Amino acid sequence: MRSRIGGIPAGPGILVVFGLGAPTTHPAMAQIEFDEPIVLPTVTNASSIEAADLNGDGRRDLVVAEEIESVVLFENRGGGLFVRLGTMFEPGTRPTLLRSADFNGDGHIDLIWVRSAGNNRSLQVFYNRGDGRGGHLETIALSGRAPGGIAVGDLTGNGLPDVVLVDGYLRDSPSLARIYLNLNGALVLHDSIPLRFNDSRAVALGDIDQDGDLDIAVLNASTYFNYYGYWKIYDSHVEILHNDGSGNFSPGGSAVLPFGMNGEYDPTPLALVLMDADGDGDLDFAVAGAKLRDSVPVEVVLLESRENGRRFERQPSLFVGRSWGGATIAAGDLDTDGDIDLIVRQNAYYETWSLANLGGFAFDAPTSVLTATNGATAIPAIADLNEDGQPDLVTGGRPGISVAMNVTMLTGPQLEPTALVRGQPATMTVSDAQPGERVYFLYSREGAGNSVGIRQLGGITLDLVDPIQLIGSAVADSNGVAELTITIPPNAPLTTVVMQAVIRRGPGGVDSVKTPFRTARIQP
(Lines give C-alpha, C1' and ligand atoms only; values in the text may rest on other atoms or scores of the structure.)
Protein backbone atom coordinates (compact mmCIF):
# COMPACT_ATOMS: atom_id res chain seq x y z
CA MET A 1 0.00 0.00 0.00
CA ARG A 2 1.53 3.32 -1.02
CA SER A 3 -0.04 6.39 0.50
CA ARG A 4 -0.68 8.77 -2.35
CA ILE A 5 -1.25 12.49 -2.56
CA GLY A 6 -3.60 13.45 -5.37
CA GLY A 7 -3.96 16.74 -7.15
CA ILE A 8 -0.36 16.87 -8.39
CA PRO A 9 0.00 17.60 -12.12
CA ALA A 10 2.31 14.72 -13.01
CA GLY A 11 4.35 11.84 -11.66
CA PRO A 12 3.82 9.19 -9.00
CA GLY A 13 2.06 11.30 -6.39
CA ILE A 14 3.98 11.65 -3.17
CA LEU A 15 7.36 11.11 -4.87
CA VAL A 16 6.91 14.31 -6.86
CA VAL A 17 6.35 16.31 -3.70
CA PHE A 18 9.00 14.85 -1.43
CA GLY A 19 11.58 13.11 -3.64
CA LEU A 20 13.43 9.96 -2.62
CA GLY A 21 14.43 8.83 0.85
CA ALA A 22 14.75 5.91 3.23
CA PRO A 23 13.04 4.84 6.46
CA THR A 24 14.75 5.41 9.77
CA THR A 25 14.46 4.60 13.47
CA HIS A 26 13.69 7.50 15.79
CA PRO A 27 12.72 7.82 19.46
CA ALA A 28 9.18 8.41 20.69
CA MET A 29 8.36 12.12 20.81
CA ALA A 30 6.94 11.98 24.36
CA GLN A 31 5.78 9.57 27.02
CA ILE A 32 2.27 8.37 26.16
CA GLU A 33 -0.12 9.53 28.86
CA PHE A 34 -3.87 9.32 29.35
CA ASP A 35 -6.07 11.33 31.68
CA GLU A 36 -8.14 9.73 34.43
CA PRO A 37 -10.91 7.81 32.67
CA ILE A 38 -14.63 8.42 32.81
CA VAL A 39 -17.18 5.61 32.72
CA LEU A 40 -20.20 5.55 30.45
CA PRO A 41 -22.43 2.91 32.03
CA THR A 42 -24.17 0.16 30.10
CA VAL A 43 -26.73 -2.37 31.32
CA THR A 44 -24.54 -5.38 30.53
CA ASN A 45 -21.01 -6.06 29.31
CA ALA A 46 -19.85 -4.10 26.26
CA SER A 47 -19.02 -6.73 23.65
CA SER A 48 -18.13 -4.27 20.84
CA ILE A 49 -17.29 -0.56 20.63
CA GLU A 50 -17.29 1.68 17.57
CA ALA A 51 -16.29 5.37 17.40
CA ALA A 52 -18.16 6.95 14.49
CA ASP A 53 -19.77 10.28 13.61
CA LEU A 54 -23.42 9.26 13.30
CA ASN A 55 -25.01 12.71 13.30
CA GLY A 56 -22.64 14.49 10.90
CA ASP A 57 -21.36 17.13 13.31
CA GLY A 58 -17.70 16.19 12.81
CA ARG A 59 -17.33 14.56 16.24
CA ARG A 60 -16.94 10.84 16.89
CA ASP A 61 -19.88 9.36 18.79
CA LEU A 62 -19.60 6.04 20.63
CA VAL A 63 -21.77 3.06 19.74
CA VAL A 64 -21.78 0.05 22.04
CA ALA A 65 -23.10 -3.46 21.48
CA GLU A 66 -24.22 -4.71 24.89
CA GLU A 67 -23.64 -8.38 25.49
CA ILE A 68 -27.27 -9.29 26.16
CA GLU A 69 -29.49 -7.53 23.63
CA SER A 70 -28.95 -3.82 22.96
CA VAL A 71 -27.07 -1.45 20.67
CA VAL A 72 -26.61 1.85 22.52
CA LEU A 73 -25.55 5.33 21.30
CA PHE A 74 -23.53 7.83 23.33
CA GLU A 75 -23.61 11.15 21.47
CA ASN A 76 -20.45 13.28 21.56
CA ARG A 77 -21.42 16.82 22.55
CA GLY A 78 -17.85 18.13 22.26
CA GLY A 79 -14.88 18.46 24.56
CA GLY A 80 -15.16 14.84 25.67
CA LEU A 81 -18.76 15.13 26.93
CA PHE A 82 -20.96 12.16 26.04
CA VAL A 83 -24.71 11.80 26.51
CA ARG A 84 -26.47 8.47 26.36
CA LEU A 85 -29.36 8.79 23.93
CA GLY A 86 -30.77 5.42 24.86
CA THR A 87 -31.07 2.11 23.10
CA MET A 88 -30.97 2.30 19.31
CA PHE A 89 -32.01 -1.32 18.78
CA GLU A 90 -32.65 -4.47 20.71
CA PRO A 91 -31.61 -6.96 18.05
CA GLY A 92 -31.82 -10.00 20.32
CA THR A 93 -29.32 -12.12 22.15
CA ARG A 94 -25.65 -11.14 21.92
CA PRO A 95 -25.10 -8.44 19.30
CA THR A 96 -21.37 -8.62 18.52
CA LEU A 97 -18.77 -7.62 15.94
CA LEU A 98 -20.06 -4.05 15.59
CA ARG A 99 -18.57 -1.94 12.76
CA SER A 100 -19.41 1.31 10.95
CA ALA A 101 -19.29 2.55 7.34
CA ASP A 102 -21.44 4.37 4.79
CA PHE A 103 -22.98 1.30 3.17
CA ASN A 104 -25.39 3.03 0.79
CA GLY A 105 -23.26 6.01 -0.21
CA ASP A 106 -25.64 8.69 1.08
CA GLY A 107 -22.98 10.47 3.15
CA HIS A 108 -24.22 9.12 6.50
CA ILE A 109 -22.33 6.58 8.60
CA ASP A 110 -24.25 3.33 9.01
CA LEU A 111 -23.73 0.42 11.39
CA ILE A 112 -23.42 -3.33 11.00
CA TRP A 113 -23.30 -6.10 13.59
CA VAL A 114 -23.85 -9.84 14.02
CA ARG A 115 -26.92 -10.97 15.94
CA SER A 116 -26.93 -14.36 17.63
CA ALA A 117 -30.02 -15.96 19.13
CA GLY A 118 -29.25 -19.58 19.83
CA ASN A 119 -28.48 -21.21 16.49
CA ASN A 120 -30.23 -18.40 14.61
CA ARG A 121 -27.68 -15.86 13.43
CA SER A 122 -27.94 -12.86 11.17
CA LEU A 123 -26.02 -9.88 9.87
CA GLN A 124 -27.90 -6.66 10.60
CA VAL A 125 -27.29 -3.34 8.86
CA PHE A 126 -28.64 -0.07 10.29
CA TYR A 127 -28.99 2.49 7.50
CA ASN A 128 -28.65 5.82 9.28
CA ARG A 129 -30.92 8.67 8.16
CA GLY A 130 -28.25 11.16 9.25
CA ASP A 131 -28.91 11.99 12.90
CA GLY A 132 -27.89 8.65 14.43
CA ARG A 133 -31.33 8.30 16.00
CA GLY A 134 -33.38 6.89 13.17
CA GLY A 135 -33.20 4.91 9.98
CA HIS A 136 -34.10 1.43 8.87
CA LEU A 137 -32.73 -2.01 9.63
CA GLU A 138 -31.97 -4.76 7.13
CA THR A 139 -31.35 -8.35 8.22
CA ILE A 140 -29.32 -10.95 6.32
CA ALA A 141 -29.68 -14.55 7.53
CA LEU A 142 -26.42 -16.37 8.24
CA SER A 143 -25.91 -20.10 7.94
CA GLY A 144 -23.27 -22.22 9.60
CA ARG A 145 -21.37 -21.57 12.78
CA ALA A 146 -21.00 -18.35 14.75
CA PRO A 147 -18.64 -15.81 13.12
CA GLY A 148 -15.28 -15.27 14.79
CA GLY A 149 -14.45 -11.96 13.13
CA ILE A 150 -15.65 -9.23 10.78
CA ALA A 151 -13.92 -6.68 8.55
CA VAL A 152 -15.35 -3.87 6.43
CA GLY A 153 -13.74 -2.23 3.39
CA ASP A 154 -14.11 -1.55 -0.33
CA LEU A 155 -13.00 -4.78 -2.01
CA THR A 156 -14.08 -3.92 -5.56
CA GLY A 157 -13.13 -0.25 -5.94
CA ASN A 158 -16.71 0.92 -6.49
CA GLY A 159 -16.61 3.29 -3.51
CA LEU A 160 -18.96 1.22 -1.34
CA PRO A 161 -17.82 -0.88 1.64
CA ASP A 162 -18.02 -4.66 1.46
CA VAL A 163 -17.96 -7.14 4.36
CA VAL A 164 -15.87 -10.20 5.23
CA LEU A 165 -17.00 -12.66 7.92
CA VAL A 166 -14.88 -15.57 9.13
CA ASP A 167 -16.15 -18.63 10.99
CA GLY A 168 -15.31 -19.23 14.61
CA TYR A 169 -14.63 -22.60 16.21
CA LEU A 170 -16.15 -25.88 15.06
CA ARG A 171 -14.36 -29.14 15.60
CA ASP A 172 -13.10 -31.00 12.51
CA SER A 173 -14.52 -28.53 9.99
CA PRO A 174 -12.49 -25.87 8.14
CA SER A 175 -13.41 -22.29 8.82
CA LEU A 176 -14.83 -20.26 5.93
CA ALA A 177 -14.20 -16.67 4.86
CA ARG A 178 -17.53 -15.34 3.58
CA ILE A 179 -17.34 -12.40 1.17
CA TYR A 180 -20.34 -10.06 1.00
CA LEU A 181 -20.10 -7.57 -1.85
CA ASN A 182 -21.98 -4.28 -1.80
CA LEU A 183 -24.28 -3.93 -4.81
CA ASN A 184 -25.76 -0.43 -4.74
CA GLY A 185 -26.11 -0.47 -0.97
CA ALA A 186 -27.23 -4.09 -0.57
CA LEU A 187 -24.85 -6.74 0.76
CA VAL A 188 -24.91 -9.98 -1.25
CA LEU A 189 -22.96 -13.16 -0.50
CA HIS A 190 -20.36 -13.43 -3.26
CA ASP A 191 -18.12 -16.29 -2.17
CA SER A 192 -17.29 -18.65 0.70
CA ILE A 193 -13.61 -19.56 0.80
CA PRO A 194 -12.39 -22.54 2.87
CA LEU A 195 -9.47 -21.74 5.15
CA ARG A 196 -6.80 -24.17 6.28
CA PHE A 197 -7.82 -24.65 9.92
CA ASN A 198 -11.06 -24.96 11.88
CA ASP A 199 -11.03 -21.84 14.05
CA SER A 200 -10.74 -18.18 12.95
CA ARG A 201 -10.46 -15.57 15.71
CA ALA A 202 -10.04 -12.32 13.72
CA VAL A 203 -9.91 -10.88 10.20
CA ALA A 204 -8.42 -7.65 8.84
CA LEU A 205 -8.19 -5.92 5.46
CA GLY A 206 -5.22 -4.16 3.91
CA ASP A 207 -3.19 -3.91 0.72
CA ILE A 208 -0.75 -6.60 1.76
CA ASP A 209 0.79 -7.17 -1.69
CA GLN A 210 0.84 -3.44 -2.57
CA ASP A 211 -1.11 -3.78 -5.81
CA GLY A 212 -3.72 -1.13 -4.99
CA ASP A 213 -6.60 -3.22 -3.61
CA LEU A 214 -7.58 -4.66 -0.24
CA ASP A 215 -6.48 -8.19 0.63
CA ILE A 216 -7.69 -10.35 3.53
CA ALA A 217 -5.67 -11.52 6.55
CA VAL A 218 -7.28 -14.14 8.82
CA LEU A 219 -6.07 -15.24 12.25
CA ASN A 220 -6.63 -18.97 11.77
CA ALA A 221 -5.80 -21.91 14.06
CA SER A 222 -6.24 -25.64 14.44
CA THR A 223 -7.92 -25.97 17.83
CA TYR A 224 -9.75 -28.47 19.98
CA PHE A 225 -11.87 -27.70 23.04
CA ASN A 226 -11.51 -30.81 25.20
CA TYR A 227 -13.65 -32.47 27.84
CA TYR A 228 -11.85 -30.65 30.67
CA GLY A 229 -12.58 -27.21 29.25
CA TYR A 230 -9.13 -26.50 27.83
CA TRP A 231 -8.29 -25.16 24.39
CA LYS A 232 -5.66 -27.32 22.74
CA ILE A 233 -3.81 -25.60 19.91
CA TYR A 234 -2.15 -27.71 17.25
CA ASP A 235 -1.13 -25.06 14.73
CA SER A 236 -1.81 -21.41 13.89
CA HIS A 237 -1.01 -18.81 11.27
CA VAL A 238 -2.18 -15.62 9.60
CA GLU A 239 -3.74 -16.83 6.35
CA ILE A 240 -3.67 -14.38 3.45
CA LEU A 241 -6.13 -14.10 0.55
CA HIS A 242 -5.12 -11.89 -2.39
CA ASN A 243 -7.69 -9.72 -4.13
CA ASP A 244 -7.78 -9.45 -7.94
CA GLY A 245 -9.36 -6.01 -7.63
CA SER A 246 -12.91 -7.20 -8.26
CA GLY A 247 -13.56 -8.93 -4.95
CA ASN A 248 -12.35 -12.34 -6.13
CA PHE A 249 -9.73 -13.91 -3.89
CA SER A 250 -6.99 -16.51 -4.26
CA PRO A 251 -4.60 -18.07 -1.71
CA GLY A 252 -1.74 -15.75 -0.86
CA GLY A 253 0.30 -17.87 1.52
CA SER A 254 0.52 -17.49 5.26
CA ALA A 255 2.60 -16.13 8.11
CA VAL A 256 3.33 -18.86 10.65
CA LEU A 257 2.68 -18.19 14.34
CA PRO A 258 4.43 -19.88 17.27
CA PHE A 259 1.22 -20.77 19.09
CA GLY A 260 0.44 -24.48 19.31
CA MET A 261 3.36 -25.79 17.31
CA ASN A 262 3.80 -28.65 19.79
CA GLY A 263 0.15 -29.41 20.37
CA GLU A 264 0.28 -27.58 23.68
CA TYR A 265 -2.58 -26.36 25.83
CA ASP A 266 -2.81 -22.67 25.20
CA PRO A 267 -1.56 -20.05 24.44
CA THR A 268 -4.34 -19.09 22.06
CA PRO A 269 -3.97 -16.50 19.26
CA LEU A 270 -6.80 -14.05 19.93
CA ALA A 271 -6.37 -10.72 18.15
CA LEU A 272 -4.79 -9.33 14.98
CA VAL A 273 -3.91 -5.84 13.70
CA LEU A 274 -2.30 -4.78 10.43
CA MET A 275 0.15 -1.90 10.78
CA ASP A 276 3.35 -0.61 9.25
CA ALA A 277 5.51 -1.23 12.33
CA ASP A 278 8.82 -0.22 10.76
CA GLY A 279 7.76 2.62 8.45
CA ASP A 280 8.96 0.96 5.24
CA GLY A 281 5.66 1.38 3.36
CA ASP A 282 4.11 -2.06 3.69
CA LEU A 283 1.81 -3.77 6.18
CA ASP A 284 3.15 -5.93 8.99
CA PHE A 285 1.15 -8.04 11.45
CA ALA A 286 0.82 -7.89 15.24
CA VAL A 287 -0.91 -10.86 16.89
CA ALA A 288 -1.82 -11.10 20.57
CA GLY A 289 -1.76 -14.56 22.11
CA ALA A 290 -2.67 -15.50 25.65
CA LYS A 291 -2.93 -18.45 27.97
CA LEU A 292 -6.53 -18.59 29.10
CA ARG A 293 -5.83 -20.30 32.43
CA ASP A 294 -2.31 -19.36 33.52
CA SER A 295 -0.91 -16.11 34.90
CA VAL A 296 1.83 -15.57 32.31
CA PRO A 297 2.45 -12.52 30.10
CA VAL A 298 0.44 -11.81 26.98
CA GLU A 299 2.68 -12.45 23.97
CA VAL A 300 2.48 -10.03 21.05
CA VAL A 301 4.00 -11.66 17.96
CA LEU A 302 5.38 -9.23 15.35
CA LEU A 303 5.63 -10.40 11.74
CA GLU A 304 7.53 -8.21 9.28
CA SER A 305 6.38 -8.10 5.66
CA ARG A 306 9.04 -8.87 3.08
CA GLU A 307 8.94 -8.88 -0.73
CA ASN A 308 5.62 -7.03 -0.96
CA GLY A 309 3.89 -9.37 1.44
CA ARG A 310 5.01 -12.59 -0.23
CA ARG A 311 6.75 -13.73 2.96
CA PHE A 312 6.90 -12.65 6.61
CA GLU A 313 9.80 -12.69 9.02
CA ARG A 314 9.21 -13.01 12.74
CA GLN A 315 10.63 -10.23 14.92
CA PRO A 316 11.21 -10.44 18.70
CA SER A 317 7.93 -10.80 20.57
CA LEU A 318 6.64 -8.32 23.12
CA PHE A 319 5.51 -9.59 26.53
CA VAL A 320 2.92 -7.62 28.44
CA GLY A 321 1.11 -8.01 31.76
CA ARG A 322 -0.64 -11.28 32.63
CA SER A 323 -2.67 -13.30 30.18
CA TRP A 324 -5.26 -15.20 32.20
CA GLY A 325 -8.60 -14.86 30.41
CA GLY A 326 -7.33 -13.65 27.04
CA ALA A 327 -6.34 -10.34 25.47
CA THR A 328 -7.18 -7.82 22.76
CA ILE A 329 -5.00 -5.40 20.80
CA ALA A 330 -5.34 -2.09 18.92
CA ALA A 331 -2.94 0.23 17.10
CA GLY A 332 -2.53 3.98 16.55
CA ASP A 333 0.04 6.77 16.67
CA LEU A 334 -0.60 7.83 20.25
CA ASP A 335 2.35 10.21 20.64
CA THR A 336 2.25 11.79 17.13
CA ASP A 337 5.85 10.82 16.37
CA GLY A 338 4.99 9.03 13.13
CA ASP A 339 5.29 5.45 14.44
CA ILE A 340 2.30 3.20 15.11
CA ASP A 341 2.01 2.36 18.82
CA LEU A 342 0.10 -0.51 20.43
CA ILE A 343 -2.57 -0.88 23.11
CA VAL A 344 -2.88 -4.29 24.74
CA ARG A 345 -5.88 -5.04 26.94
CA GLN A 346 -5.99 -8.11 29.18
CA ASN A 347 -9.24 -9.74 30.29
CA ALA A 348 -9.26 -11.26 33.73
CA TYR A 349 -6.86 -8.87 35.48
CA TYR A 350 -8.43 -5.80 33.83
CA GLU A 351 -5.07 -4.40 32.77
CA THR A 352 -4.39 -2.11 29.82
CA TRP A 353 -0.92 -1.28 28.52
CA SER A 354 0.51 1.13 25.97
CA LEU A 355 3.67 0.28 24.03
CA ALA A 356 5.39 3.19 22.31
CA ASN A 357 6.92 2.30 18.95
CA LEU A 358 10.50 3.54 18.57
CA GLY A 359 10.68 2.45 14.92
CA GLY A 360 12.23 -0.60 13.27
CA PHE A 361 10.22 -3.06 15.43
CA ALA A 362 11.69 -1.60 18.61
CA PHE A 363 9.11 -0.83 21.30
CA ASP A 364 9.49 0.93 24.63
CA ALA A 365 8.64 -0.91 27.85
CA PRO A 366 4.90 -1.36 28.48
CA THR A 367 3.24 1.47 30.40
CA SER A 368 0.12 0.76 32.43
CA VAL A 369 -2.99 2.72 31.40
CA LEU A 370 -5.65 3.35 34.03
CA THR A 371 -9.12 2.26 32.90
CA ALA A 372 -12.33 2.08 34.88
CA THR A 373 -14.01 -1.06 33.58
CA ASN A 374 -13.45 -4.74 34.24
CA GLY A 375 -12.94 -7.39 31.59
CA ALA A 376 -11.89 -6.92 27.98
CA THR A 377 -14.70 -8.33 25.92
CA ALA A 378 -14.44 -5.44 23.44
CA ILE A 379 -11.45 -4.57 21.27
CA PRO A 380 -10.21 -1.11 22.37
CA ALA A 381 -11.22 1.81 20.17
CA ILE A 382 -8.63 4.49 19.32
CA ALA A 383 -10.07 7.79 18.06
CA ASP A 384 -9.90 11.55 18.69
CA LEU A 385 -12.92 12.23 20.90
CA ASN A 386 -12.25 15.80 22.12
CA GLU A 387 -11.10 17.52 18.91
CA ASP A 388 -7.48 18.05 19.94
CA GLY A 389 -5.95 15.95 17.16
CA GLN A 390 -4.67 13.22 19.49
CA PRO A 391 -6.08 9.69 19.50
CA ASP A 392 -7.96 8.86 22.70
CA LEU A 393 -8.73 5.42 24.15
CA VAL A 394 -12.01 3.60 24.76
CA THR A 395 -12.13 0.22 26.48
CA GLY A 396 -15.11 -1.91 27.36
CA GLY A 397 -16.25 -4.52 29.81
CA ARG A 398 -18.13 -4.18 33.09
CA PRO A 399 -19.97 -1.95 34.04
CA GLY A 400 -19.76 -0.18 30.68
CA ILE A 401 -17.13 1.63 28.64
CA SER A 402 -14.15 3.60 29.89
CA VAL A 403 -13.04 6.76 28.03
CA ALA A 404 -9.49 8.01 28.64
CA MET A 405 -8.36 11.20 26.91
CA ASN A 406 -4.86 11.35 25.50
CA VAL A 407 -2.88 14.02 27.36
CA THR A 408 0.55 13.24 25.92
CA MET A 409 2.64 16.44 25.98
CA LEU A 410 3.48 17.18 22.35
CA THR A 411 6.18 19.42 20.96
CA GLY A 412 6.68 20.51 17.39
CA PRO A 413 4.47 22.16 14.78
CA GLN A 414 0.74 22.65 15.31
CA LEU A 415 -2.07 23.04 12.75
CA GLU A 416 -5.08 25.31 13.22
CA PRO A 417 -7.67 25.70 10.43
CA THR A 418 -10.47 28.24 10.26
CA ALA A 419 -14.04 27.17 9.52
CA LEU A 420 -14.67 25.42 6.20
CA VAL A 421 -17.65 27.12 4.55
CA ARG A 422 -18.85 26.66 0.98
CA GLY A 423 -17.73 29.50 -1.27
CA GLN A 424 -15.70 31.18 1.49
CA PRO A 425 -11.95 31.45 2.11
CA ALA A 426 -10.39 29.16 4.70
CA THR A 427 -6.95 29.57 6.21
CA MET A 428 -4.75 26.79 7.58
CA THR A 429 -1.98 27.95 9.89
CA VAL A 430 1.02 25.96 11.09
CA SER A 431 3.05 27.35 13.97
CA ASP A 432 6.40 26.29 15.46
CA ALA A 433 7.96 25.47 12.10
CA GLN A 434 11.51 26.52 11.32
CA PRO A 435 11.80 29.81 9.41
CA GLY A 436 12.09 29.29 5.67
CA GLU A 437 11.01 25.63 5.54
CA ARG A 438 8.15 24.46 3.34
CA VAL A 439 5.01 23.08 4.95
CA TYR A 440 2.68 20.73 3.05
CA PHE A 441 -1.03 20.73 3.86
CA LEU A 442 -2.94 17.48 3.30
CA TYR A 443 -6.47 16.19 3.76
CA SER A 444 -8.63 13.09 3.47
CA ARG A 445 -12.38 12.69 3.14
CA GLU A 446 -12.09 9.06 4.28
CA GLY A 447 -11.40 9.90 7.91
CA ALA A 448 -8.58 9.52 10.40
CA GLY A 449 -6.57 6.32 10.61
CA ASN A 450 -3.13 4.80 10.19
CA SER A 451 -1.35 5.18 6.85
CA VAL A 452 1.70 3.16 5.98
CA GLY A 453 5.07 4.80 6.43
CA ILE A 454 6.12 7.37 3.85
CA ARG A 455 9.69 6.61 2.87
CA GLN A 456 10.23 10.15 1.59
CA LEU A 457 9.31 11.45 5.06
CA GLY A 458 11.74 9.19 6.85
CA GLY A 459 9.17 6.44 7.33
CA ILE A 460 6.65 8.39 9.41
CA THR A 461 3.00 7.45 9.08
CA LEU A 462 0.20 9.95 8.60
CA ASP A 463 -3.11 9.99 10.48
CA LEU A 464 -5.12 10.14 7.25
CA VAL A 465 -6.89 7.34 5.40
CA ASP A 466 -6.17 6.90 1.68
CA PRO A 467 -6.70 8.57 -0.70
CA ILE A 468 -4.69 11.45 0.75
CA GLN A 469 -4.97 14.74 -1.14
CA LEU A 470 -2.53 17.66 -1.30
CA ILE A 471 -4.17 21.01 -0.56
CA GLY A 472 -1.06 23.07 -1.15
CA SER A 473 2.11 24.31 0.53
CA ALA A 474 3.50 27.44 2.13
CA VAL A 475 6.87 28.63 3.42
CA ALA A 476 7.26 29.47 7.11
CA ASP A 477 8.02 33.11 7.88
CA SER A 478 10.66 34.44 10.29
CA ASN A 479 8.40 33.54 13.22
CA GLY A 480 8.02 29.93 12.07
CA VAL A 481 4.44 30.43 10.91
CA ALA A 482 3.18 29.10 7.57
CA GLU A 483 -0.27 30.05 6.27
CA LEU A 484 -2.22 28.71 3.33
CA THR A 485 -5.52 30.27 2.29
CA ILE A 486 -7.86 28.56 -0.15
CA THR A 487 -11.48 29.03 -1.19
CA ILE A 488 -13.86 26.17 -0.45
CA PRO A 489 -15.71 25.36 -3.71
CA PRO A 490 -19.37 26.48 -3.70
CA ASN A 491 -20.46 22.95 -4.57
CA ALA A 492 -18.16 21.13 -2.11
CA PRO A 493 -19.89 18.15 -0.49
CA LEU A 494 -21.11 18.77 3.06
CA THR A 495 -18.84 16.16 4.52
CA THR A 496 -16.23 15.75 7.24
CA VAL A 497 -12.57 16.12 6.29
CA VAL A 498 -9.42 15.36 8.24
CA MET A 499 -6.44 17.69 7.74
CA GLN A 500 -2.76 17.36 8.62
CA ALA A 501 0.46 19.19 7.78
CA VAL A 502 3.92 17.67 7.27
CA ILE A 503 7.41 19.11 7.03
CA ARG A 504 10.19 17.21 5.29
CA ARG A 505 13.42 17.61 7.21
CA GLY A 506 16.89 16.13 7.05
CA PRO A 507 18.66 14.04 4.40
CA GLY A 508 16.10 11.76 2.79
CA GLY A 509 13.45 13.15 5.13
CA VAL A 510 15.05 11.46 8.15
CA ASP A 511 13.93 14.20 10.57
CA SER A 512 10.46 14.84 9.09
CA VAL A 513 7.62 15.83 11.40
CA LYS A 514 3.84 16.03 11.24
CA THR A 515 1.25 18.05 13.12
CA PRO A 516 -1.62 16.56 15.07
CA PHE A 517 -4.55 16.05 12.70
CA ARG A 518 -7.66 18.25 12.70
CA THR A 519 -11.20 17.24 11.86
CA ALA A 520 -13.76 19.68 10.42
CA ARG A 521 -17.14 19.59 8.74
CA ILE A 522 -17.71 21.58 5.53
CA GLN A 523 -20.57 23.97 6.24
CA PRO A 524 -23.19 25.33 3.79
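Residues numbered from 1 in each chain as written. Predicted model: local features only at pLDDT ≥ 70, side-chain atom pairs only at ≥ 80, totals over all residues. Heavy atoms only, no water.

Asker: Tell me what's going on with the overall build of the chain, and back it up with residues and numbers.
Answerer: Scanning the chain from terminus to terminus reveals 1 helix and 39 strands. Burial status across the chain gives 58% buried among its 524 residues. Carbon and sulfur atoms form 50% of the exposed surface of the chain, whose accessible area is close to 19,900 Å². (Helix = DSSP H or I, 4+ residues; strand = E, 2+ residues; numbered from the N terminus. Buried < 20%, exposed > 50% of the residue type's maximum accessible area, 1.4 Å probe, protein only. Areas by Shrake-Rupley, 256 points an atom, 1.4 Å probe, with all protein chains shown as cover.)

Asker: Mind laying out unusual backbone geometry, listing which residues take part and the relevant values?
Answerer: Put simply, Asp 466 and Pro 467 share a cis peptide bond, and its omega is 0°. The topology assignment puts Pro 467 in the loop between β34 (438–444) and β35 (468–475). For Gln 210, which is not a glycine, the phi torsion comes out positive at approximately 55°. Following the sequence through the fold, Gln 210 ends up in the loop between β15 (199–206) and β16 (215–225).

Asker: Break down the pairing of strand β31 (residues 400–404) for me, with residues and values.
Answerer: With 5 of 5 residues buried, β31 is to be regarded as a mostly interior element. Relative to β31, strand β2 (residues 38–41) runs antiparallel, the two sharing 4 bridges. If you follow Leu 40 over to β31, its bridge partner there is Ile 401. Bridge analysis of strand β30 (residues 392–396) against β31 gives 4 bridges, and the strand direction is antiparallel. In the strand pairing of β31, Leu 393 is matched with Ala 404. The antiparallel pairing of β30 with β31 creates a hairpin that spans 3 residues between the two strands. (Pairing = 2+ DSSP bridges.)

Asker: Tell me about the sheet that holds strand β28 (residues 367–369), residues and numbers included.
Answerer: Spatially, 4 strands are ordered β23-β24-β25-β28 in an open sheet, and the strand pairing comes out antiparallel. Of all the strands in the sheet, the pair left with one neighbour each is β23 (327–332) and β28. Between one strand and the next, the sheet's axes are offset by a mean angle of 25°, whatever the strand orientation. Judged from the 3 bridges that link them, strand β25 (residues 352–355) and β28 form a sheet pairing that is antiparallel. Opposite Trp 353, over in β28, you have Ser 368 as the bridge partner. (Axes fitted to C-alpha atoms, helices over the stretch in contact; angles between N-to-C directions.)

Asker: Which residues make up the pairing of strand β22 (residues 311–320), and what values go with them?
Answerer: By the bridge criterion, 8 bridges tie strand β21 (residues 298–306) to β22 in an arrangement that is antiparallel. Within β22, the residue paired with Glu 304 across the bridge is Glu 313. Taking the residues between adjacent antiparallel strands as the criterion, β21 and β22 are bridged by 4 residues, where Glu 307 takes a positive phi near 55°.

Asker: I'd love a proper account of the environment of Val 369, names of residues and values included.
Answerer: With respect to the helices, strands and loops of the structure, Val 369 is situated in strand β28. Note on Val 369: relative accessible area 7%, which makes it buried. With 18 residues separating them in the primary sequence, Val 369 and Glu 351 have C-alpha atoms 7.5 Å apart.

Asker: Residue-level account of the sheet that holds strand β13 (residues 176–183), with values.
Answerer: In a beta sheet, neighbouring strands are held together by backbone hydrogen bonds and run either parallel or antiparallel to one another. Taking strand neighbours across the sheet as the criterion, the 4 strands line up as β11-β12-β13-β14 in an open arrangement whose pairing is antiparallel. Sheet topology places β11 (147–153) and β14 (186–194) at the edges, where each strand pairs with a single neighbour. Strand-to-strand twist across the sheet, computed as the mean angle between neighbouring axes with direction ignored, equals 20°. The pairing of strand β12 (residues 162–167) with β13 spans 4 bridges and is classified as antiparallel. Bridge assignment links Val 164 to a residue of β13, and that residue is Ile 179.

Asker: Would you mind going over the nonpolar core in detail, with residue names and values included?
Answerer: If you look at the biggest cluster of nonpolar residues, it comprises 23 residues, and the most contacted ones within it are Met 275, Ala 286, Val 300, Ile 329 and Leu 342. Those elements that provide at least two residues to this core are β19 (268–275), β20 (284–290), β21, β22, β23, β24 (341–346) and β25. Those residues in contact with Ile 329 that sit more than four places away from it in its chain are Ala 271, Leu 272, Val 273, Ala 286, Ala 288, Val 300, Leu 342, Ile 343, Val 344, Ile 379 and Pro 380. With 21 residues, the next largest nonpolar core counts Ala 426, Ala 482, Met 499 and Ile 503 among its residues. (Core = buried A, V, L, I, M, F, W, Y, C linked by side-chain atoms within 4.5 Å. Contact = heavy atoms within 4.5 Å.)

Asker: Let's hear about the pattern of salt bridges: which residues, and what values?
Answerer: Counted according to the given criterion, the structure contains 18 salt bridges. Ionic pairing is found between Asp 57 and Arg 59, a salt bridge with its closest N-O pair at 3.2 Å. Bridged by salt links that share partners, the residues Glu 304, Arg 306, Glu 307, Arg 311 and Glu 313 form one connected network. (Salt bridge = Lys/Arg side-chain N within 4 Å of Asp/Glu carboxyl O.)

Asker: Hey, could you go over the environment of Leu 97 for me, with residue numbers and the actual values?
Answerer: Among the structural elements, Leu 97 can be located in strand β7 (residues 95–101). You can call Leu 97 buried: its relative accessible area is 15%. Measuring from C-alpha to C-alpha, the distance between Leu 97 and Ile 150 comes to 6.2 Å, with 53 residues separating the pair along the chain. Among residues more than four places away in sequence, those in contact with Leu 97 are Ser 48, Ile 112, Trp 113, Val 114, Pro 147, Gly 148, Gly 149 and Ile 150.

Asker: Could you give me a rundown of the confidence of the model for the chain, with the residues and numbers involved?
Answerer: Across the chain, the average pLDDT comes to 87, with 89% of residues at or above 70. This stretch, residues 1–24, has a pLDDT under 50; its non-local contacts, to residues over four places away or in other chains, come to 67 contacts. (pLDDT = per-residue confidence, 0-100.)

Asker: Explain the side chain of Asp 284 residue by residue, including any values.
Answerer: Within the secondary structure layout, Asp 284 lies in strand β20. Look at Asp 284: it is buried, it has no salt bridge, and the nearest opposite charge is Arg 306 at 7.3 Å. Within polar-contact distance, the side chain of Asp 284 engages the backbone nitrogen of Ser 305 at 2.8 Å. (Lys, Arg positive; Asp, Glu negative; His and termini not counted. Polar contact = N/O pair within 3.5 Å; in protein donor to acceptor, adjacent residues only side chain to side chain.)

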